[in-house]
Amino acid sequence: MTQQNAMTEKPAKIGFLRSQLNKLGPGLIAGAADDDPSGIATYSVAGAQFGLGLLWLSWFSWPLMAFVQMMCARIGMVTGVGLAGALRQRFPRPVLIVACFALLAANSINVGADLSGMADAAELLTGISSHVYVVLLGGLISYAVIRFRYHHVANVLKWLALTLVAYIVTGFLVKPQWGAVFSAFAHISIPANGGFGMVVAILGTTISPYLFFWQAAQEVEEQKAMGRRMLKSRQHATTKEIKDRVFDVAFGTLSSNVVMFFVILCTALTLNANGMTTITSSKEVAEALRPLAGNGAMLLYTVGIVGVGLLAIPTLTGSAAYAFSETFHWRGGLDEKWRRARAFYGIIIFSTLIGIAMDWLSINPVAALYWTAVINGVLAPFLLVGILMVARDQKIMLGQPSSIVSQVVVGITIILMFGAAVAMFLT
């Protein structure tokens, strides 16, 4: 190969890589937000309690999550409205109101537990009381979401997704025996004594209702950022737009499940292997990692918690605000200024305040995160039934319904999640 050809090929490769990275947006953010402190805590509990027994869920849940998120993305891209706006065309308003308040309650508890987990990690790094950090972080995150417009917030969230790499590096620092790891990875089994409950929790924190609303809402925000302010201009999606989002969602959900793999791996080979099967806080996990896997593993785990919390809390509070705005016909969106969308931002502030207040209620944060995941795992399939009905409705989807394959996979997801929830209650 001549030097000139090599020089020509190199910019072409760089250009291709840049074009692929430019496709990453709402799908990447949603995937990364899925690994919030709630997710990390749930995966940590799974690894500590069951070792490598549930490692297989990290690949099993990926296609389920990817198809669900893509279905929500398609609804937003094609209809030009968020998920609540689309559901409103098919279901009576009282049903949506109940769904909104259930979402707000679950998300606010999640915010509180996430803030507590972040504050514990920050205290471990700095020595300053976690109570100070709960108020500080809650206030700063709310201010940033209200003060900055959508494209600013989205760009910051995309960069925060890089903090997930911390968990991958931590997984390698514990020096696993890869033969045994991949054997467990390929073996599907559900441990006795709480195994079904943990499966429901992992599915609930992976295929989570707040991500459904967030994904669809961000598709609308993306179109508004491109100048499509009128509803008619946002309706329908080109084949290229849909293909680009498929890549974005596939990459984001894959990243989420890779992190699940490494968190379960890390805690299984350190905590579970040393008989530490019960954990009560993220701080406790991090402190346990220090003597078992070294200072580097402890530091990366704690930094990762703070990073993903900064990414997830705007997603949690924002998804509830979008749901309320579309249900009650409020003006809303992260592209709106405070004076034009007070009710929308009011939901964000209210949800954050509930989360901050939880810090003084002496609630076990890991228990709260785990049970929030379980509740999400029980409620998500009911919401998915509604999403599937909308996604296959020719009229609502303006002649661009989700593909048959997508409908089948989401249908299987619904059956599996209902089945896991029933098995949990029976056992």
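Note that the structure is a prediction, hence the values are computed from the model and not measured.

Helix and strand content of the protein chain: 19 helices and 0 strands. In the protein chain, buried positions account for 57% of the 427 residues. Considering only contacts in the protein chain between residues 6 or more positions apart, those separated by 24 or more positions represent 85%. Total accessible area on the protein chain stands at roughly 17700 Å², and carbon and sulfur atoms take up 67% of it.

Turning to helix α4 (residues 57-79), a few remarks are in order. Under the 1.5 Å per step criterion, the end-to-end length of α4 is 33 Å for 23 residues, consistent within 8% with the ideal 33 Å. Taken across its 23 residues, α4 has 18 buried, putting it largely inside the fold. G80, located one to two residues past α4, shows a positive phi value of around 80°.

This part takes up the packing of aromatic side chains. Inspection of every chain in the model, using the stated rule, returns 19 aromatic pairs. Here F261 and F262 contribute two aromatic rings whose centre-to-centre distance is 5.0 Å and whose plane-to-plane angle is 85°, an arrangement assigned as edge-to-face. Residue classification places F261 among the buried positions, given a relative accessible area of 9%. Taking the centre distance of 5.1 Å and the plane angle of 80° together, the rings of F344 and Y345 count as edge-to-face. Among the aromatic residues, those joined into a ring-pair cluster are W56, W59, F60, F172, W178, F182, F185, F261 and F262.

On to the nonpolar core, then. Core analysis: the biggest nonpolar cluster contains 117 residues, and I207, F212 and I387 have the highest contact counts within it. Leave out the neighbours within four places in its chain, and I387 touches M71, C72, I75, L83, L87 and F212.

Here we come to the pattern of salt bridges. Under the definition given, this model contains 7 salt bridges. We note a salt bridge from E219 to R245, for which the minimum N-O separation is 2.9 Å. Remark: R245 occurs in helix α14 (residues 239-270) and E219 occurs in helix α12 (residues 209-225); sequence separation between them is 26 residues. Under the relative-accessibility criterion, E219 is labelled buried at 2%.

A contiguous nonpolar patch, built from I404, V408, I412 and L416 and spanning about 350 Å² of accessible area, is present on the exposed surface. Here L416 is to be found in helix α19 (residues 404-426).

Its identity is not glycine, yet H236 carries a phi of approximately 75°, on the positive side. Relative to the assigned elements, H236 resides in the loop between α13 (231-234) and α14.

Relative orientation of the contacting elements helix α3 (residues 37-50) and helix α11 (residues 195-206) amounts to 155°, with a least axis distance of 9 Å. As summarised for this structure, α3 and α11 are arranged roughly antiparallel, according to the angle between their axes. Read as a crossing pair, α3 and α11 show a hand that is left-handed. Where α3 abuts α11, its residues S38, G39, T42, Y43, V45, A46, Q49 and F50 lie against G195, M198, A201, I202, T205 and T206. Per-class residue counts for the contact of α3 with α11 are 7 nonpolar, 7 polar and no charged.

There is a patch of like positive charges on the surface, built from R147, K337, R339 and R342. As for its placement among the helices and strands, K337 is situated in the loop between α16 (295-328) and α17 (342-357). Judged by relative accessible area, which is 43%, K337 ranks as partly exposed.

Position of N110 among the secondary structure elements: in helix α6 (residues 93-126). C-alpha separation for the pair N110 and S38, spaced 72 residues apart in sequence, amounts to 6.8 Å.

Another point: helix α9 (residues 165-173). Note that an α-helix has 3.6 residues per turn; residues three or four places apart therefore point the same way. Along α9, the residues that are buried comprise A166, Y167, T170 and G171. Down the axis of α9, the buried set is contained in an arc of 140°. They therefore lie on one face. Following α9 by one or two positions, K175 adopts a phi angle in the positive range, close to 55°.

This paragraph deals with the confidence of the model for the protein chain. Of all residues in the protein chain, 86% have pLDDT values of 70 or greater, and the mean over the chain is 84. Mean pLDDT in the protein chain bottoms out at helix α1 (residues 3-22), which sits at 59, and peaks at α4, which reaches 95.

Our focus in this paragraph is the environment of G411. Structurally, G411 can be placed in helix α19. The class of G411 is buried, set by a relative accessible area of 17%. Linking G411 and L64, residues 347 residues apart in sequence, is a C-alpha distance of 9.6 Å.

This part covers the environment of M397. Along the chain, the position of M397 falls in the loop between α18 (365-391) and α19. By relative accessible area, which is 0% here, M397 ends up buried. A sequence separation of 318 residues divides M397 from T79, and the C-alpha atoms of the two residues are 6.0 Å apart.

For the rest of this paragraph, the subject is the packing of α4 against α12. Look at α4 against α12: their axes get within 8 Å of each other, and the N-to-C directions meet at 40°. Our classification of the angle between α4 and α12 gives oblique. Crossing of α4 against α12: the hand is right-handed. Between α4 and α12, the residues in contact are M65, V68, Q69, C72, A73, G76 and M77 and L211, F212, Q215, A216, E219, V220 and Q223, respectively. Grouping the amino acids of the contact of α4 with α12 by side-chain chemistry returns 9 nonpolar, 4 polar and 1 charged.

Rules of the game
- Residues numbered from 1 in each chain as written.
- Predicted model: local features only at pLDDT ≥ 70, side-chain atom pairs only at ≥ 80, totals over all residues.
- Heavy atoms only, no water.
- Helix = DSSP H or I, 4+ residues; strand = E, 2+ residues; numbered from the N terminus.
- Buried < 20%, exposed > 50% of the residue type's maximum accessible area, 1.4 Å probe, protein only.
- Contact = heavy atoms within 4.5 Å.
- Areas by Shrake-Rupley, 256 points an atom, 1.4 Å probe, with all protein chains shown as cover.
- Expected span 1.5 Å × (residues − 1).
- Phe/Tyr/Trp six-rings, centres within 6.5 Å; stacked < 30°, edge-to-face > 60°.
- Core = buried A, V, L, I, M, F, W, Y, C linked by side-chain atoms within 4.5 Å.
- Salt bridge = Lys/Arg side-chain N within 4 Å of Asp/Glu carboxyl O.
- Patch = residues over 30% accessible without salt bridge, like charges linked within 9 Å, V, L, I, M, F, W, Y side chains within 5 Å.
- Axes fitted to C-alpha atoms, helices over the stretch in contact; angles between N-to-C directions.
- Parallel < 35°, antiparallel > 145°, perpendicular 65-115°, else oblique.
- Left-handed = near helix turned anticlockwise from the far one by under 90°.
- Nonpolar A, V, L, I, M, F, W, Y, C, P; charged D, E, K, R; others polar.
- Lys, Arg positive; Asp, Glu negative; His and termini not counted.
- Charge placed at Lys NZ, Arg CZ, Asp CG, Glu CD.
- Arc of directions from axis to C-beta.
- pLDDT = per-residue confidence, 0-100.

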